[in-house]
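One-letter residues, chain by chain:
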Amino acid sequence: MIEAERRAALEAIAAEVRSCTRCRLHEGRTQAVPGEGHPSTEVVLVGEGPGFNEDRQGRPFVGRAGDLLVRLLASIGWRRDDVFITNIVKCRPPENRDPEPDEVAACAPFLRRQLEVLDPALVVTLGRHSMARFMPGTTISRAHGTVRPADPATGARAALVLAMYHPAAALRTPAVEEASFADAGRITAALEDARARRAATAATAPAGADPAAPREVPAAEAPPAPPPSTVDHAEPEVPASDQLTLFG
Ligand code: SF4
C-alpha cells in the first residue's frame, strides 16, 4: 500500500468513527477522536481515550497530557507528527472514567483496522488500558519500559510493543514522570530491534509471499536512527505540510 492509499484508508476509518454509535460513549461526545499522524510512520502510540480537550477539538493528546507527550517525544528528538497517535476508545468516557470492557470491545475493530493500514514496526502503549490490549496478564508497574512482540490479531502484524505509563499519570506523580522519560529513552532501541526483526522476517519469507507484507526497510538501507517516518522510499517526496496531519 502506498502512502496515498494508507492516507485514504485512514481517512475512511476516521469518517466511520465520527458517525459511530456502536457503544454508549457516542451519546456524550462532542467530537469523536479517530487519531492523527503520519500515514507512513513506523510507530503508533495508543492511549486510553479522549479527555475534555480532545473531545472538544477532535484530536488526541492536546491537553496537558499531550504537552507532556510532546516533551517525551522531544527527549528522543521526535515530533508528534513523526508518529501516529490514537486511543483504545475514540469517544470520551463521561467524567474521564475508565472505559468499560464492552466499550473497549465495541471500539476495538477501529484500532485493529488502523494498525492493519499503518503496519507499524513499533506500538507504544500509553497507560494500563492500552497495555492490557497488547500485553494481557501483567500490570503497568511491571510492564512499563518492557518490549514484547505484538499479537498479530491486534492488527499490528509484525510489530514490537513497548509499554509506557499514561502521560496523565506522569503529571500526577513525579516518580512516574521520571520513569516515563526513562521509558521514552527506550523507544529508539525498541524501534531498531523491531526494524531488525522485520528485516529478518523478510529475508526468510518464501518467494511469492504476500508482497504487501511487511513493508520493511532492509537493514542495510535503514537509517541508523529514527525519526520513524516515511519508510516507503519508492514514493515521491510530499511537502511536509501535506504529510503531517491526517485529521485536522
Ligand atoms: S467509543 Fe468507539 S465504538 Fe463507541 S461510539 Fe465511539 S467510535 Fe463508536
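Data block above holds the structure.
Predicted model only: the values in this text are computed from it and were never measured.

1. Re the environment of A132
Here comes step 1: The topology assignment puts A132 in helix α5 (residues 128-134).
Here comes step 2: For A132, a count of 19 C-beta atoms within 10 Å translates into the label partly exposed.

2. So, helix α1 (residues 3-18)
Here comes step 1: With 16 residues, α1 should reach 22 Å at 1.5 Å per residue; the first-to-last C-alpha distance of 22 Å fits that figure.
Here comes step 2: When α1 is considered as a whole, its buried residues turn out to be R6, L10, I13, A14 and V17. Along α1, the residues classed as buried sweep out an arc of 100 degrees about the axis, all on the same side. Structural note: α1 exposes A4, E5, A12 and A15 on the side pointing more than 90 degrees away from its buried face.
Here comes step 3: Next to the buried residues of α1 lie α4 (101-118).

3. So, the site of the ligand
Here comes step 1: Lining the immediate surroundings of the ligand are 14 residues, of which C20, C23, H26, C91 and C107 lie closest.
Here comes step 2: If one sorts the elements of the shell around the ligand by residue count, α4 sits on top with three residues.
Here comes step 3: Residues belonging to the shell around the ligand are distributed by class as follows: nine nonpolar, two polar and three charged.

4. A look at helix α9 (residues 187-204)
Here comes step 1: With 18 residues, α9 ought to run about 26 Å at 1.5 Å a step, and its terminal C-alpha atoms sit 26 Å apart, in line with that.
Here comes step 2: Along α9, the residues classified as buried are I187, A190, L191, A194, R195 and R198. The arc enclosing the buried residues of α9, seen along the axis, measures out at 140 degrees, which places them on a common side. The outward face of α9, more than 90 degrees from its buried face, is lined by the exposed residues A189, A200, A203 and T204.
Here comes step 3: Here the buried face of α9 lies against β2 (43-47), β4 (122-126), β5 (147-149), β6 (160-164) and α8 (174-184).

5. Thoughts on unusual backbone geometry
Here comes step 1: A positive phi angle, near 55 degrees, is found at E95, a position not held by glycine.
Here comes step 2: By the secondary structure assignment, E95 is in the loop between β3 (84-87) and α4.
Here comes step 3: Residue classification places E95 among the exposed residues on the basis of 7 C-beta atoms within 10 Å.
Here comes step 4: Backbone geometry at D119 places phi at a positive 45 degrees, although glycine is not the residue there.
Here comes step 5: Mapped onto the elements of the fold, D119 is located in the loop between α4 and β4.

6. Considering the sheet that holds strand β1 (residues 36-37)
Here comes step 1: The strand order across the open sheet built from six strands is β1-β3-β2-β4-β6-β5, with neighbouring strands paired in mixed fashion. Bordering the open sheet on either side are β1 and β5, each of which pairs with just one other strand.
Here comes step 2: Bridge count for β5 against β6 is three bridges, and the pairing is antiparallel. By the bridge assignment, P149 is partnered in β6 with L160.
Here comes step 3: Across the sheet, α9 touches β2, β4, β5 and β6, and the angle it forms with β6 is around 165 degrees.

7. Focus: the nonpolar core
Here comes step 1: Counting residues in hydrophobic clusters, the biggest one holds 58 residues, and the most contacted among them are V44, L122, V123, V124, A159, V161 and L162.
Here comes step 2: The element contributing the most residues to this core is α4, with seven residues.
Here comes step 3: Among all residues touching L162, those that are not within four sequence positions of it are L122, V124, V147, R186, I187 and A190.

Calculation notes
- Residues numbered from 1 in each chain as written.
- Predicted model: local features only at pLDDT ≥ 70, side-chain atom pairs only at ≥ 80, totals over all residues.
- Helix = DSSP H or I, 4+ residues; strand = E, 2+ residues; numbered from the N terminus.
- Buried ≥ 20, exposed ≤ 12 C-beta atoms within 10 Å, placed from the backbone.
- Expected span 1.5 Å × (residues − 1).
- Arc of directions from axis to C-beta.
- Contact = placed C-beta atoms within 7 Å.
- Near = placed C-beta within 6 Å.
- Nonpolar A, V, L, I, M, F, W, Y, C, P; charged D, E, K, R; others polar.
- Pairing = 2+ DSSP bridges.
- Axes fitted to C-alpha atoms, helices over the stretch in contact; angles between N-to-C directions.
- Core = buried A, V, L, I, M, F, W, Y, C linked by C-beta atoms within 7 Å.

Coordinates in, geometry out; function isn't part of it.
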